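A look at the structure
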Amino acid sequence: MSASDGCKRNVIAGGPGCRVLYCRDCNVAELELGSMSMRLEEHAFRTLAAILQEACVELDGGSLPSQLQAKEILNRFRRSH
Ligand SMILES: [Zn+2]
């Protein structure tokens, strides 16, 4: 999927090899990881961010925001599609 351009993407986080770009015209975030890139609408990107955040908490031995919360986030995501 090549970014259909005209897009003014700005780097909003990260650096070479791992960064997030964002196009304010399209409300699309682009996650670049090495040679891979993934374009996500803002709400999908936020959902991904929440899930990653939760995974980090879990890795830290977490104050388990629990399976339930993860399901809740996923359900909200599914409903919005
Ligand atoms: Zn755009």
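Quick note: structure is the one above.
Calculation rules
Residues numbered from 1 in each chain as written. Predicted model: local features only at pLDDT ≥ 70, side-chain atom pairs only at ≥ 80, totals over all residues. Helix = DSSP H or I, 4+ residues; strand = E, 2+ residues; numbered from the N terminus. Buried ≥ 20, exposed ≤ 12 C-beta atoms within 10 Å, placed from the backbone. Contact = placed C-beta atoms within 7 Å. Pairing = 2+ DSSP bridges. Axes fitted to C-alpha atoms, helices over the stretch in contact; angles between N-to-C directions.

Here's the deal with the overall build of the protein
- The helix and strand inventory of the protein stands at 2 helices and 4 strands.
- When its helices and strands are written in sequence order, the protein yields β-β-β-β-α-α.
- A burial count over the protein gives 5% of its 81 residues as buried.
- Nonlocal contacts in the protein, meaning residues at least 24 apart in sequence, comprise 11% of its contacts between residues at least 6 apart.

Some remarks on the environment of F77
- Following the sequence through the fold, F77 ends up in helix α2 (residues 66–79).
- For F77, a count of 16 C-beta atoms within 10 Å gives the class partly exposed.
- With 34 residues separating them in the primary sequence, F77 and H43 have C-alpha atoms 8.1 Å apart.

Here we look at the environment of G17
- Here G17 shows up in the loop between β1 (9–15) and β2 (18–23).
- Judged by C-beta crowding, with 9 C-beta atoms within 10 Å, G17 ranks as exposed.
- Separated by 15 residues in sequence, G17 and E32 have C-alpha atoms that sit 7.0 Å apart.

What to know about the sheet that holds β2
- Taken together, 4 strands build an open sheet; the order of strands is β1-β2-β3-β4 and the sheet is antiparallel. Strand pairing shows two members of the sheet lacking a second neighbour, β1 and β4 (36–41), which therefore form its edges. Each adjacent strand pair in this sheet contributes to an overall mean axis angle of 20°, direction not counted.
- Relative to β2, β1 runs antiparallel, the two being bridged by 6 bridges. Within β2, the position partnered with N10 by the bridge is Y22.
- Its contacts with the sheet put helix α1 (residues 42–59) on β3 (28–33) and β4, and the angle it makes with β4 is roughly 115°.

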